[in-house]
Amino acid sequence: MPKRGGGRMRNWKADNEHFEHDDRINNPRRVSFKPGTNKGKNKFNSWKNSAKLLLDDDVDMGTSGGQGPRRPYRGRGGRLGSPAPRSHGIPKKKFVAGMLPWYQIIIPYGAKHEKEVVLRALLNHIAPEIFIPHYYKINGNAAVFYVDDVKIAEKLFQADRKIVMPDGFKLVVIVRNTVPNVTVDADMKEKMKLVMAKRYNPATKALDLTKFHTDPDLSEIFCALFRPVIMLAAIDIISDNIPDLEALNLNDNKLHGLEHMKILSTKLKNLKILYLGDNRIPFLGSLDPLKSLPLVELYLKGNPLQNRFNDHDIYISDVRKKFPKLVRLDGADLPPAIGFDVSEDVTLPPSQQSFLIDPAGQDLVREFLTQYFAIFDSDSRQPLLEAYHESATMSLAASYLSNDNRASQNSRLNQYISNSRNIIRITERESRRKYLRTGKLQVVSFLSDLPKTSHDLMGFAVDLLVFTPGMIVLTMNGVYKETNTPGNPMRSFHRTFVVVPNAGGGFCIINDMLYITNTNKEQEDNAFRSGVPETPAPTPVAAAVAAPVPAPAATFHTEQQKMLLSALSQQTGMNEHWSMNCLQETGWDLQRALFIFNQLQTEGKIPQEAFVK
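Residues numbered from 1 in each chain as written. Predicted model: local features only at pLDDT ≥ 70, side-chain atom pairs only at ≥ 80, totals over all residues. Heavy atoms only, no water.

Draft legend 1. Geometry of the sheet that holds strand β11 (residues 332-333). Pairing is mixed in the open sheet, where 7 strands are placed in the order β5-β6-β7-β8-β9-β10-β11. The sheet terminates laterally at β5 (200-201) and β11, the two strands that pair on one side only. As paired elements, strand β9 (residues 297-299) and strand β10 (residues 328-329) share 2 bridges and run parallel to each other. Bridge pairing in β10 links glutamate 297 to arginine 328. (Pairing = 2+ DSSP bridges. Helix = DSSP H or I, 4+ residues; strand = E, 2+ residues; numbered from the N terminus.)

The structure is reproduced here in structure tokens:
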């Protein structure tokens, strides 16, 4: 006969069933030969089914010391249930903390003893530690309750079979990492509401929900706020009854994930003080769902997220990035934040097509654009030699839009890409120098080789960034058509001119940077829509870019002629009679009319009577 206690399996059953083992000290092993008793394989299946009935979806903390079933040992002769040989030197499994903050404690045969007797035995064994047993109940022959502390759960795990009860039994303690089942119904919400009512301070508009589940009035129900469904129910109760709440204390509620709490910003718009101390919030990023709250005070002490910061100043800085209005953190006043004394309701100025740093440059910009692009869009660009400085430099860059169909003939930028000085693509210094045109002869020669164009001057956006007697910096972007390319493809461009005084008088370009790509759909829809401004009086922006637009060769209708006449009169200052003559002689080509006017005006050949209205 094997020695007593060797490899014996402790079985316990669920509701209305009884345990089949006897752990009294010095009690001789009893063997029954009565017919009808469960033996062999069926006996162990019965144990599994009953255990599963009571502990559905539980997580076992270990398999030693009574913490779950051992597989029955089959002896050399094949007899199931033979005592397992004693093993020496095999260490007991250690307690492993679970992911959940709650633990179920199961005391098989606990129903044989009064609740006070079982709890007193456990408390005496783990003293000086103490615990609060939550939701104590009898389930079949077992006593079941919950604890919400991992340290206590480990102590109880280690107490398995080490406590001798008055009747001689060793107390078996099974620890499972699981939480009680909960259904949020009307009755539960009413109890929560009553508990909140006694914890609310109307004088300070503050609600204290510290360790909410331990409230004596909630002892019969599981009401832990770390469960999202319960937290959401609590938020609904608060918003319905105290929507003007300003301070909320959620300390010590085992909170970890806060994603579901983002509704606080819409439910409790006046919430300014929030305490989240002594919880399980792992990262500072876990607070992102609360960023929209206008918090002025926040308490985070006792959370794992603090252990991730070695520098307290960095911790304060990172918290402030999420809650810029904070003046108090973790019970300490914060130094004043460095910022600008700007009202929160500041609105951005309205957008405008162009910008002039100095309105005095308006006429110069208008004249410059008119003359330059009239020549650039003409059959010969050689006259541009007079527009560039002797030491002028010019570069071109080109790239495709991300959605371009490069198989399309009209989308190809081959003529530009081959000459592109994109410094990301051109990395060698010698190649970069090669693609930089220096001197006005090289510049104009290069420009003459580019496709012939027709610019939508009325659609230009022009910025006059620098306007001084010694230098002018002018940027513009817009669209143009290639007039000598099949299909007349449309391109988008951005151009920067640096203009300096010319030695012989006037101004010249010393630096020219051009970027070209394809147009997007919006640019194509709006390009070349009208040759004149829609409003009778040009704005400063419109005046800055009021350069001519090439008119179609076909004859305009009378209404369109009136619009062209009005545009020329407004831009030149000439009266209607002289403007009419100018347009008629140029075939109602507004671009040519403006170009000729500027030439004659520069030479002083336009009489004063042309401006008398």
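Next comes the rest of the account.
Draft legend 2. Here's a closer look at the nonpolar core. Counting 54 residues, the largest nonpolar core has Met192, Leu250, Leu274, Leu276, Leu290 and Leu298 as its most contacted members. For this core, the elements supplying multiple residues, two or more each, are α4 (186-199), α5 (228-241) and α7 (312-322). The biggest single contributor to this core is α5, with 7 residues. If we ignore the near neighbours within four places in the chain, the residues touching methionine 192 are Phe212, Leu218, Cys223, Ile230, Ala233, Ala234 and Ile237. In this structure, Val365, Phe446, Leu447 and Leu514 belong to the second largest nonpolar core, which totals 35 residues. (Core = buried A, V, L, I, M, F, W, Y, C linked by side-chain atoms within 4.5 Å. Buried < 20%, exposed > 50% of the residue type's maximum accessible area, 1.4 Å probe, protein only. Contact = heavy atoms within 4.5 Å.)

Draft legend 3. Summary view of the sheet that holds strand β1 (residues 103-107). The strand order β2-β3-β1-β4 describes an open sheet built from 4 strands, whose pairing is antiparallel. Each edge of the open sheet is held by one strand with a lone partner, namely β2 (134-139) and β4 (174-176). When the angles between neighbouring strand axes are averaged without regard to direction, this sheet yields 20 degrees. Two elements, β1 and β4, share 3 bridges in a ladder whose sense is antiparallel. The partner of isoleucine 106 across the bridge, within β4, is isoleucine 174. Together, β1, β3 (142-147) and β4 form the strand contacts of helix α3 (residues 150-158), whose direction differs from that of β3 by roughly 150 degrees. (Axes fitted to C-alpha atoms, helices over the stretch in contact; angles between N-to-C directions.)

Draft legend 4. The environment of leucine 465, seen in detail. Along the polypeptide, leucine 465 turns up in strand β16 (residues 461-467). Given the relative accessible area of 39%, leucine 465 is considered partly exposed. Sequence spacing of leucine 465 and leucine 356 is 109 residues, and the spatial spacing of their C-alpha atoms is 6.9 Å. The contact partners of leucine 465, leaving out residues within four places of it in the chain, are Ile357, Val473 and Thr475.

Draft legend 5. Structural view of the packing of helix α8 (residues 362-376) against helix α16 (residues 590-602). Running from amino to carboxyl end, α8 crosses α16 at an angle of 115 degrees, the nearest separation of the two axes being 10 Å. Crossing of α8 over α16 shows left-handed handedness. Each of Glu367, Thr370, Gln371, Phe373 and Ala374 in α8 lies in contact with α16, whose residues at this interface are Gln591, Leu594, Phe595, Asn598 and Thr602. A class-by-class count of the residues in the contact of α8 with α16 yields 4 nonpolar, 5 polar and 1 charged. (Left-handed = near helix turned anticlockwise from the far one by under 90°. Nonpolar A, V, L, I, M, F, W, Y, C, P; charged D, E, K, R; others polar.)

Draft legend 6. Structural detail: the packing of α4 against α5. Relative orientation of the contacting elements α4 and α5 amounts to 60 degrees, with a least axis distance of 10 Å. Considering the angle they form, α4 stands oblique to α5. α4 and α5 meet at a crossing whose hand is right-handed. In this structure, α4 uses Met188, Lys189, Met192, Lys193 and Met196 to contact α5, whose residues at the interface are Ile230, Ala233, Ala234, Ile237, Ile238 and Asn241. (Parallel < 35°, antiparallel > 145°, perpendicular 65-115°, else oblique.)

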